[in-house]
Structure formats: C-alpha cells, structure tokens
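What the coordinates show
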Amino acid sequence: MEQRIRLVNPKPMGDSGPVLYWMQAAQRIRHNYALGYSIELAAKKQVPLVVVFCLTAFPEANLRHYWFMWQGIRETAANLSDLGIPLVIYHGHPEDCIPGLARRLDASAVVTEKAYLRTPRHWRSAIYPALDCQAVEVESEVVVPLHLASTKEAYSAASIRRRVTSMWNHYISDYELPSPAGLPSLGDSLPDRLEEATNARSLQPSSITQPDQLASLLGLSPTPGISPVFQGGATQAQAHLDHFLNTGLHRFAQDRSDPSLGVQSNLSPYLHFGQISPVDAALQASQFWKGPQNRRFNPQLQAVPLEPLDAFLEELIVRRELSFNYVYYNPRYDEYEGLPSWALKTLAEHREDPRPYEYSYQELEAAQTHDPYWNASQREMVITGKMAGYMRMYWGKKILEWTRDPKTAFNTALKLNNTYELDGRDPSSFAGVAWCFGKHDRPWAQRAIFGTVRYMNDRGLERKFNIRDYAGHWNHP
Ligand code: FO1
C-alpha cells in the first residue's frame, strides 16, 4: 500500500480539524484506498472525516455521461451514509470548493486520488498550493502503481507487460476498508457551513432523480440521451462482472473478439467513473477462475488451463495500464501530433492518396456509409453508449480510410468516441483511438492511405465472425 501513497503538499498536518477526502476518481466504497487512508488518518487523529464530491464541468461530457456518473454518486452517498460518513456534493469547480472548504473547516489534511488526465491534473495543481494543510494522493485506479510499471512513455504493450505481470500478484489482493466507527462527528449544519466557504451550491442526492433535472442543473442538451442499456453505480458494475464471470470468462480467450457473441465484461464505463476498482475485478476473476465456483458452473472446464483468465487480465491490466501510461507521459495524448513519428511520417506521405469514399462528420455520425458493418457499430455506440471491443478498432480504421486527411480523421474518431461512448475521455479511449492510427503498434506492409499503419478490412470480419448477425441486429433493430 505504501507505494500507492504520496505526500503532495508537504505542510504539517493539523491537529483538530477534520480530514477532507475529495472523492474524484474513485467514486465507490469497495477497494477505495483513498477512502481507507482517510479513515485511518481521521482515526489516528480522532478527528471527523468529511467526503466531498464536486459536480463540475468536464470537457466534452454530456448528459449521457453525467447521468451515468450521477447514478453511481447517489449509490455511493447512500453507502457512505450507512457507514456514518457524510458525503457533501457540490455543484462547483474543485479549484474553488476544495481549498475554501479546507480553510473553513480548518482541515487537518486533504486526501484525494492520483490523476492521469489533463483536466483532473490541472485541478490538482491549482488546489495543492492553495491549501494550508497537508495533502496526500492515493493511487486507486490502477493495479500496478504507474511509476513502478514505467517511468517513461512505453512504446508498446510489450514494453510494460513483463514488469506489470511480474508485479500484479502483489497488488491483486483483498482489501478491507478500515472501520469508521467511533470517528467524531461534525454535526448537521455541515453543508450550509461549507456553502459559506465557497461559491458553490451543495446538493442532496435525493434532489435529482430524473435526467432532465440533471440536464437543467448543468445546462446540458437532452441529446445524446441516456443509455437504455447501461445504468451507473457499483451494484450495476458488480452485476455485469457476475454475469461475465458466469457466462463469458471461460470463452473469453477464443470468443471475445466476435461482436455477434457479446463475450465482454462491459466494465469499461464503470472503471471510467471509478465505480469498480480494477483490483477488485481482477481479484474476483482470479478467484472465480481458480476456485470451486468455476468448476461448479462449468464442470467441463476442469482440465482447461488458465488462458481465459490471462486473456482477461491482459485487457483489464496490461492494456488498460498501458493507456494510463500513455495519457500520463504524453501531454499530446488527445492530438494527432501525439502519434509516434513513424506513423505521422507514413500518414503524411499518403495524405494525398485518393479515398475510395469520403464522408463528412455528419454522415458518419448518422451511420450513413456504404458499409453495413461500420454502420452497425456506429449505431450500437450511439444507441447504447458502448461499441463491441473489436469493432472499435475496425470503426477507427475506416474513419481513417474514408476521411479526406488523417488529422481530420483522428479528430473525427475522437469526437464521435467521446460524445457517444460512456467511457469517452477515459485513458483507454484515448489510447484506443490513437491505436487505430499506429500508437502502440508497429509498422506493417505499405498500402494506400494507411502507409505502414495497420489496415483492417470487412473481409476479415466476414471470415472470422458472424458479422452479418451483428449488422442485422443493429441495422434493423
Ligand atoms: N469528475 C469529477 O470530479 N466531477 C465531475 O463532475 C466529473 C464529470 C465527468 C464527466 C464525464 C467524464 O468522462 C468524467 C468526469 N469526471 C468528473 C472525471 C471522472 O470522474 C474521472 O476522474 C476521470 O474520468 C478519470 O479517468
């Protein structure tokens, strides 16, 4: 655990004020090391603990994302309340709220999670110097602490796989939240007292029960609408994991790519908002696979080696943490110019190649291409907020092929992804889109438009998968 904890504002810790846990990335109770650390700190000092969440503007986020997040926050607020810990939800900027609250409460310390993306990192770099008290970051959203996996930008998955897999057993372990029983209380007037300290309004979780209320509070358009398939929250995350363990894990190695089979954990939206911990998911998958439960559900698997578990952990840990490495060490992770130089060079050489089809952003958004497989994947994403994993690669490759130049293609793919995917703006999303343009991949054979960037075609889909079933499902729902 020590490797997850870092003092980020080396001021002395106060004596009597509460510990303030700014819950930002880990919007959950289970396997929340930042919450656990805050409880321990408050217990040691015998001071109250206050948890604060700031509902705030986030670049490119829309109602679909906020509603999913809000469903999770409401559940977490109820769970914290059962533990006797107050969660104060603010509608305001963290840079205003957190230092103001810390001062008003005379906080002993501020605890939060480590951040990787630009926006939450900017919040932190504005907040820490404005605090009079100690501040601590706890790394809660990756299995292997980022700096231990690599101290620089990794070229590919192979560059971190050995280190990550050699360390993950140490980190995939159970975690019991320290008991908050016996912590002193701050009293009932907390939200009002805190409002005085900032420009922000506090919100009761029960005050927003419908998406249109959230849209009007945040000034958001009603479209894209909320997902009819995925609901936010830790309980839903666990339900998806249970379903996957019982029905999908044993087929994961061989069937995960076939979009018609739906053999996916569907955890990425939940991981994005910290509604489930990757350690928790990895631990449950390992225990399930190795334990008697698995034998009971799948008695025929007695003799099957561990490949499905390895395949799942490769995606959940190696690939996901490679994307954290990318956004953390590459400041241009959301720009075309952030791609590797070999990819930029080869794409530039083929910039003027004629495109077989050229579509505008609007045509792509409306799934109006000649390709029924591509249209199906676009529709799946627009309707549900989540596209089948393999199709995300095909989808991005075709945007590169059918857009007038590669930079426009990159921006188009990222914008569509971040508008419609529930995990848009996740490190995995940025790395996933960049992969379609050569990131974390190697040069392949030369061809038009792509140069040496890997190409994918519809015949591959037809050869490998039941792709007509998938297309039929989404094109004629
Ligand atoms: N983090 C917050 O602390 N407050 C928010 O209101 C908030 C909104 C939000 C909307 C879309 C989105 O993709 C992320 C958002 N985040 C917000 C950040 C999120 O909680 C995670 O920290 C990051 O996505 C980490 O990957």
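Our subject is the structure listed above.
Below or above, wherever it landed, is the structure these notes cover. (Residues numbered from 1 in each chain as written. Predicted model: local features only at pLDDT ≥ 70, side-chain atom pairs only at ≥ 80, totals over all residues. Heavy atoms only, no water.)

Side note on the overall build of the protein
The number of helices and strands found in the protein is 22 helices and seven strands. For 477 residues, the compact-globule estimate of 2.2 N^0.38 gives 23 Å, and the protein sits close to it at 23 Å. Considered along the principal axes of its C-alpha atoms, the protein spans approximately 70 × 50 × 45 Å. Residue pairs in contact within the protein that sit at least 24 positions apart in sequence constitute 80% of those at least 6 positions apart. Carbon and sulfur atoms provide 50% of the accessible area of the protein, an area that totals close to 19,700 Å². (Helix = DSSP H or I, 4+ residues; strand = E, 2+ residues; numbered from the N terminus. Rg over C-alpha atoms; globule rule 2.2 N^0.38 Å. Contact = heavy atoms within 4.5 Å. Areas by Shrake-Rupley, 256 points an atom, 1.4 Å probe, with all protein chains shown as cover.)

Focus on the pairing of strand β4 (residues 87–91)
Regular strands have side chains that alternate between both faces of the sheet. With four of five residues buried, β4 is to be regarded as a mostly interior element. Inspection of the sheet shows strand β3 (residues 49–55) paired to β4 by five bridges, in the parallel sense. Looking across to β4, one finds that V52 is bridged to V88. For the crossover that starts at β3, traverses helix α2 (residues 63–82) and ends in the parallel β4, the hand is right-handed. Of the pairings in the sheet, the one linking β4 to strand β7 (residues 201–203) comprises three bridges and is antiparallel in character. (Buried < 20%, exposed > 50% of the residue type's maximum accessible area, 1.4 Å probe, protein only. Pairing = 2+ DSSP bridges. Right-handed = clockwise from strand over helix to strand, strands pointing away.)

Points about the nonpolar core
Of all hydrophobic cores here, the largest spans 82 residues; its most connected members are L35, L49, L55, W70, W168, L214 and I317. In terms of residue count, the dominant contributor to this core is α2 (nine residues). If sequence neighbours within four positions are ignored, I317 has contacts with V143, V164, W168, I172, A282 and L322. (Core = buried A, V, L, I, M, F, W, Y, C linked by side-chain atoms within 4.5 Å.)

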